[in-house]
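Topology and contacts: notes
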Amino acid sequence: VPPSEVGSFTLKRVDRGLAVVVGVGSLVMGLQSLLAALGPDMTRPGWNLAVMTMVFVPLALMVIACLLRWRVRWFAAVFAIVYPLALLLWPLTLTETPRSGAEPWILDLINVATVAAVVAFSFPLQIVWTIGVPIEYAVVRLVQAGFSPDAWIAVGLDVTFALILGAILMTISWLFRAVAVEVDASRMAAVESFSRAAVVDAVEKERVAVAALMHDS
């Protein structure tokens, strides 16, 4: 086994397992969001179709990539970047402001976007997405509602839940990866120790063989 494989054996398998879990979870949330997006009548067909395509095509590609464990980070990065852009355009799809307390379909995908960032990006960017995307959603909804008091309460609850769930998902991913790195480091140290012991043993056997040969002669 090449040293590079030994040094990242556990981490690679943890990343693969996380990819499958993210793929299944994103599929469930995506279907739920899609059904909600197809429901309301207060939409502008052209804008609604454009934003839905912008969101659900990258999401479908990310789910497929996660389940196949192929180009996972690349497709997760695409969705993580596209979603905040779609969130900015989402108000243009509506003919009227959603009533206070109503949950727009795009809300269901906030934590899909943050977990996509966890899969695709480095830790600092994971933090930016985990905090930034829910805050972006809050700003978009409050502007849309004219900063009405009712909107503050409803949006505040949605954003608080999204922040907590995003932080939990990011922490779980970080813990699994940290443990995997430690296991790989221990395995690599054990392999190196075994290699050194094998070299010393081979040298000692060769020395004994040479000494026996000289004694016989």
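What counts, and where the lines are drawn
Residues numbered from 1 in each chain as written. Predicted model: local features only at pLDDT ≥ 70, side-chain atom pairs only at ≥ 80, totals over all residues. Heavy atoms only, no water. Helix = DSSP H or I, 4+ residues; strand = E, 2+ residues; numbered from the N terminus. Buried < 20%, exposed > 50% of the residue type's maximum accessible area, 1.4 Å probe, protein only. Contact = heavy atoms within 4.5 Å. Areas by Shrake-Rupley, 256 points an atom, 1.4 Å probe, with all protein chains shown as cover. Patch = residues over 30% accessible without salt bridge, like charges linked within 9 Å, V, L, I, M, F, W, Y side chains within 5 Å. Salt bridge = Lys/Arg side-chain N within 4 Å of Asp/Glu carboxyl O. 1 Å grid on protein atoms, 1.4 Å probe; cavity = no way out; pocket = protein on both sides within 12 Å on 5 of 7 lines; lining within 4 Å. Points joined across faces, edges and corners; volume = space filled by probe spheres on them. Nonpolar A, V, L, I, M, F, W, Y, C, P; charged D, E, K, R; others polar.

1. Some thoughts on the overall build of the chain
Scanning the chain for helices and strands turns up seven helices and zero strands. Listing the helices and strands of the chain from first to last along the sequence gives α-α-α-α-α-α-α. For the chain, with 217 residues in total, the buried portion stands at 38%. Looking at the chain alone, contacts between residues at least 24 apart form 80% of all its contacts between residues at least 6 apart. Carbon together with sulfur atoms contributes 73% to the accessible area of the chain, which is approximately 12,500 Å² in total.

2. Some points on helix α5 (residues 110–120)
Along α5, 11 of the 11 residues are buried, which leaves the element largely enclosed by surrounding structure. Within α5 the residues assigned to the buried category are Ile110, Asn111, Val112, Ala113, Thr114, Val115, Ala116, Ala117, Val118, Val119 and Ala120.

3. Comments concerning a nonpolar patch on the surface
Nonpolar side chains collect at one region of the surface, where Phe123, Ile127, Ile131, Ile135, Val139, Val143, Phe147, Trp152, Ile153, Leu157, Trp174 and Leu175 lie side by side and expose about 1,200 Å² of accessible area between them. Broken down by secondary-structure element, the contributors of at least two residues to the nonpolar patch are α6 (123–144) and α7 (149–216). For the nonpolar patch, the element with the most residues is α6, which contributes six residues.

4. Thoughts on the pattern of salt bridges
Evaluation of the coordinates by the stated rule reveals two salt bridges. Measuring nitrogen to oxygen at the nearest pair gives 3.6 Å for the salt bridge that ties Arg73 to Asp15. Residue Arg73 is located in helix α4 (residues 72–89), and its partner Asp15 is located in helix α2 (residues 9–37); the two are separated by 58 residues in the primary sequence. Put simply, Asp15 and Arg177 hold a salt bridge, and the shortest N to O gap is 3.0 Å. Remark: Arg177 occurs in helix α7 and Asp15 occurs in helix α2; sequence separation between them is 162 residues. Residue Asp15 shares its accessibility class with Arg177, and that shared class is buried. Here the salt bridges do not stand alone but share partners, grouping Asp15, Arg73 and Arg177 into one network.

5. Re the layout of surface pockets
Where empty space is left can be seen by rolling a probe of water-molecule size over the atoms. Of the pockets and cavities examined, the largest pocket occupies roughly 540 Å³. Ranked by the residues each element gives to the lining of the largest pocket, the list is headed by α7, at eight residues. Class assignment for the residues of the lining of the largest pocket results in 15 nonpolar, five polar and four charged.

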